[in-house]
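The lines below spell out each chain.
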Amino acid sequence: MKIGIAADHAGLEQKQNIVSLLKSNGYQVIDYGADEFIPDDDYPDIIAPLAKAIQNQEVNRGIAVCGSGVGVSIAANKFAGVRAALVSETYSAHQGVEHDDMNLICVGGRVLGTSLIWELLQAFLQAEFQGEERFSRRLQKVLKLEKDNFK
Ligand SMILES: O=P(O)(O)OC[C@H]1O[C@@H](O)[C@H](O)[C@@H]1O
């Protein structure tokens, strides 16, 4: 599984921690920046390369970090094919994949510690979409919303 990651200035430190943890646990990680601390960088600019990589299937799953996780989740969901959610507890980290085919997890670098983030990421990365009829039906409806409403 290839994992993409991105963070703005408010998530940069946690991104560095996460990249180290992912690599030391054998995950293949592509880092879409930011590469340095720029205090006024903007999360819509930061999320775009990662969201495009999910769209193009350069990566299978994504992780995005900003201060709260809210900004990156809002921006990421403007990209067709990206199903992003802000997560801060383990149930949603795996259930969001199992039921809703979430492909991008967003976390708050100013809100959560590295240990909890790592627990969330393990739950997210180990989960698989379950494909039961009701989950597939809902996913198809989400995809239709995207088709009907995205210009
Ligand atoms: O550092 P400042 O600009 O105050 O806050 C940036 C954060 O505020 C929210 O938009 C996002 O979470 C972003 O990371």
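Parameters and conventions
Counting of residues starts from 1 at the beginning of each chain's written sequence and follows it residue by residue. The model is predicted, so local features are restricted to residues of pLDDT at least 70 and side-chain atom pairs to those at 80 or more, both for listing and for counting; the totals for chains, interfaces and linings are taken over all residues. Values shown for side chains rest on all heavy atoms present in the structure; no hydrogens or waters enter the calculation. Neighbouring residues are identified by heavy atoms, a residue being near a molecule or strand if any of them is within 4 Å of it. Here a polar contact is taken to be a pair of N or O atoms separated by no more than 3.5 Å, where protein atoms must pair a possible hydrogen donor with a possible acceptor and residues adjacent in sequence count only if both atoms sit in side chains. Per-residue and other accessible areas follow the Shrake-Rupley method at a 1.4 Å probe size, with only the shown protein chains counted as cover for residues. Three categories are distinguished: nonpolar for Ala, Val, Leu, Ile, Met, Phe, Trp, Tyr, Cys and Pro, charged for Asp, Glu, Lys and Arg, and polar for the others, with Gly belonging to the last. Think of it this way: any DSSP run of H or I at least four residues long counts as a helix, any run of E at least two long counts as a strand, and we number them from the N terminus. Whether two residues are in contact is decided by their heavy atoms, any of which lying within 4.5 Å being enough. When two rings of Phe, Tyr or Trp (its six-membered ring) have centres within 6.5 Å they constitute a pair, described as stacked for plane angles under 30 degrees, edge-to-face for angles over 60, and tilted for the intermediate range. A ring is considered to have a charge above it if a Lys NZ or an Arg CZ atom is located within 6 Å of its centre and within 35 degrees of its normal. Per-residue confidence from the predictor is reported as pLDDT, which spans 0 to 100. Here a strand pair is declared whenever DSSP counts at least two bridges between the two strands. Only C-alpha atoms enter the line fits that serve as axes; for helices the fit covers just the stretch in contact. Angles between N-to-C directions range over 0 to 180 degrees. Angles are sorted into four bins: roughly parallel if under 35 degrees, roughly antiparallel if over 145, roughly perpendicular if 65 to 115, and oblique for all others. Two helices that cross are described as forming a left-handed crossing if the nearer one is turned anticlockwise from the farther one by less than a right angle, and a right-handed crossing if clockwise.

The subject of this paragraph is the site of the ligand. Around the ligand, the surrounding shell consists of Asp 8, His 9, Ala 10, Tyr 43, Cys 66, Gly 67, Ser 68 and Arg 110. A distance of 2.6 Å separates an oxygen atom of the ligand from a polar atom in the side chain of His 9. Contact between the ligand and Arg 110: an oxygen atom at 2.7 Å from a side-chain N or O atom of the residue. Computed on the free molecule, the ligand has an accessible area of 360 Å², of which 57% lies beneath the protein chains in the complex. Tallied by class, the residues present in the shell around the ligand amount to three nonpolar, three polar and two charged.

As for its placement among the helices and strands, Arg 83 is situated in the loop between α3 (70-76) and β4 (84-86). Side-chain polar atoms of Arg 83 contact the backbone oxygen of Asp 101, separated by 2.9 Å. With residues up to four places along the chain from it excluded, the contact list for Arg 83 reads Asn 77, Asp 100, Asp 101, Met 102, Asn 103, Leu 104, Leu 139 and Leu 143.

Attention shifts here to the packing of aromatic side chains. Applying the stated criterion to the full structure yields zero aromatic pairs. The ring of Phe 124 carries the charged tip of Arg 61 above its face, separated from the ring centre by 5.3 Å.

What follows covers the confidence of the model for the protein chain. Low pLDDT means the predicted coordinates in that region are not meant to be read closely. Looking at the protein chain, the pLDDT average stands at 98 and 100% of residues meet or exceed 70. Scored as a whole, the predicted complex attains pTM 0.98, and scored at its interfaces, ipTM 0.98.

So, about the sheet that holds strand β2 (residues 28-31). Read from one edge to the other, the open sheet built from five strands follows the order β2-β1-β3-β5-β4, with strand pairing classed as parallel. Edge positions in the sheet fall to β2 and β4, since each of these pairs with one other strand and no more. Here the strands of the sheet are splayed against their neighbours by 25 degrees on average, with no regard to which way each runs. Here strand β1 (residues 2-7) runs beside β2; their pairing, made up of four bridges, is parallel. Note on β2: the bridge partner recorded for Lys 2 is Gln 28. Here helix α5 (residues 114-126) sits on the sheet in contact with β1, β3 (61-66) and β5 (104-108), set at roughly 170 degrees to β5.

On to the packing of helix α4 (residues 90-100) against α5, then. For any two helices packed against each other, the geometry comes down to the angle between their axes and how far apart the axes lie. Contact geometry for α4 and α5: axes closest at 8 Å, N-to-C directions at 20 degrees. Our classification of the angle between α4 and α5 gives roughly parallel. For the pair α4 and α5, the crossing hand works out as right-handed. Of α5, the residues touching α4 (which contributes Thr 90, Ala 93, His 94 and Val 97) are Glu 119, Leu 120, Ala 123 and Phe 124. Considering only residue class, the contact of α4 with α5 consists of five nonpolar, two polar and one charged.

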